[in-house]
Amino acid sequence: MPMIELKDVSKLFGAVPRHAAVKLLEEGWTKERLAKEKQLVLGVNRVSLTIEEGEIFVIMGLSGSGKSTLVRMLNRLIEPTAGDILIRGESLTDMSPAELRELRRKTIGMVFQKFALLPHRTVLANAEFGLEVQGIAKQERAEKARRALELVGLGEWGDRMPDELSGGMQQRVGLARALANDPDILLMDEAFSALDPLIRRSMQDELLELQEKMRKTIVFITHDLDEALRIGDRIALMRDGAVVQVGTPEEIMINPANSYVERFVEDVDLSKVLTAEHVMRRPEAIGPDRGPRVALQLMRERGISNLFVVDRSQTLIGVLTAEDAAEAARANKPLADIVIRDVPQVKPDTLLNDLFEICGTSKLPVAVVGDSNRLVGVIVRGAVLGALAGQIPGTEVTANAPETTA
């Protein structure tokens, strides 16, 4: 079951009765026509999507695209005009005021663009403010607030005042305030957009690190494509209140749904989006119990100059070069004596931007390894360049090609 599900959710602002406004939308009235003829502002237009538990789901778009309106409907700060919103299968629109208050207190936390710290209260008192409003006992709320401040790296700053903190630190206090109640869902509306670029990137890193520990369901609103691509597990791109594409950063970059999305992403540096998994080839490997002559024969048949050596569970042991195999065959040495064990390795999610130096300086093929050091692919230098040129290599191309040793 998805953590959050939206079913044909729409929001129109204006004086036209609700049922009449919805009917106009169903008849296909455009945003411009609604505004001109009925003075209706179309905020969100029939959005349907699901957000899974534990993912960072980014909603992005230009100013006026409807992203902030959409996120505020997820806790009914804004009432939807039509459609339904479900949290763990329970309809948000059917909740009573008391049930809605309980949901906001225990299930959903929110971090806004403006830090909204109370200047006359300490950092700790700001972090525990939401718990205080709920009537939580002083000692309990202080303990929860301290734990939240520790999570965001401000454990030693509880007695300070907000004006003693930098902008990034103040935003971390806002994040701690939202985390203090341990919500299942965290809504972040342009949370980092008021920060300087370097601080903003640092906050993105911290959010990703926190997510590794917390595994919250995070809905993150931004107008910054680089930010969306960097932190999002999936992205929904909005235009004029409608979602035009939902997908992983890679899917949106590689397969834009239409010309609008294509224009939106055309200037993005692919090396900061695509990963080793996109460009790796099928590795050619041999077991350690085979001899150097068998290895040479395999290399000749497949037109390659290297072979990876793996055990029966495909755990990487090392790499074997044609020159070493030929010398071992002449000297009757076993394969184990000539395996090079210091092999350059990367994980499947390593960004291409981080592969350039490795591929450019290594004379050995670059192994892509997964869990338990299991060999899953090999990086061919030309494939990296091809991916950046918009040509994602197919899996049918032979791996361990001679160019990996160039």
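Residues numbered from 1 in each chain as written. Predicted model: local features only at pLDDT ≥ 70, side-chain atom pairs only at ≥ 80, totals over all residues. Heavy atoms only, no water.

### Quick notes on the UniProt feature "domain: CBS" (unreviewed entry) in the protein
How we decide: UniProt positions are given in the numbering used here, feature names are shortened, and annotations may be inferred rather than shown by experiment. Working definition: helices are DSSP H or I runs of at least four residues, strands are E runs of at least two. Numbering for both runs from the N terminus.
Using the residue numbers shown here, the UniProt feature "domain: CBS" (unreviewed entry) corresponds to residues 279-338. Span residues 279-338 is 37% helix and 22% strand, its end C-alpha atoms 29 Å apart.

### Structural notes on the packing of helix 14 (residues 292-302) against helix 15 (residues 322-331)
Quick reminder of the rule: All axes are obtained by fitting lines to C-alpha atoms, using only the stretch in contact for helices, and the reported angles, taken between N-to-C directions, cover 0 to 180 degrees. Note on angle classes: values under 35 degrees are labelled roughly parallel, values over 145 roughly antiparallel, values of 65 to 115 roughly perpendicular, and the remainder oblique. The handedness criterion is simple: a crossing whose near helix is rotated anticlockwise from the far helix by less than a right angle is left-handed, and one whose near helix is rotated clockwise is right-handed. Here, residues are in contact when the closest pair of their heavy atoms is within 4.5 Å. Polar here means any residue other than Ala, Val, Leu, Ile, Met, Phe, Trp, Tyr, Cys and Pro, which are nonpolar, and Asp, Glu, Lys and Arg, which are charged; Gly is therefore polar.
It is the contact of helix 14 with helix 15, at a shortest axis distance of 8 Å, that shows an interaxial angle of 140°. As judged from the angle between their axes, helix 14 and helix 15 are oblique. Read as a crossing pair, helix 14 and helix 15 show a hand that is left-handed. Of the residues in helix 15, those touching helix 14 at P292, R293, L296 and M299 are A322, A325, A326, A328 and A329. Of the residues assigned to the contact of helix 14 with helix 15, the class counts are eight nonpolar, no polar and one charged.

### A few points about the packing of aromatic side chains
Put simply, the rule reads: The rule is short: rings of Phe, Tyr and Trp, with Trp giving its six-membered ring, pair when the centres are within 6.5 Å, and they are stacked under 30 degrees, edge-to-face over 60, tilted in between. The classification of residues rests on relative accessible area computed with a 1.4 Å probe and restricted to protein chains. Under 20% of the type maximum is buried, over 50% is exposed, and intermediate values are partly exposed. Each ring is checked for a lysine NZ or an arginine CZ that lies within 6 Å of its centre and within 35 degrees of its normal; such an atom marks a charge sitting over the ring.
Counted according to the given criterion, the structure contains two aromatic pairs. Each ring, one from Y260 and one from F264, has its centre 5.8 Å from the other, and the planes form 55°; the classification is tilted. You can see Y260 and its partner F264 sitting in helix 12 (residues 259-265), four residues apart, about one turn around the helix. Under the relative-accessibility criterion, Y260 is labelled buried at 11%. A cation sits over an aromatic face here: K11 above F13, 5.1 Å from the ring centre. Its guanidinium or amino end placed over the ring of W157, R160 lies 4.4 Å from that ring's centre, counting from NZ or CZ.

### Overview of the sheet that holds strand 15 (residues 366-369)
To summarise the sheet geometry, strands pair through backbone hydrogen bonds and adopt either a parallel or an antiparallel arrangement. Rules: Paired strands, as defined in this entry, are two strands with at least two bridges between them according to DSSP.
Ordered by their spatial adjacency, three strands build an open sheet running 14-15-16, and the pairing between neighbours is mixed. Single-partner strands in this sheet number two, and they are strand 14 (345-346) and strand 16 (375-379). In this structure, strand 15 lies alongside strand 16, joined through four bridges in antiparallel fashion. Its bridge partner being in strand 16, V366 is matched across the sheet by I379.

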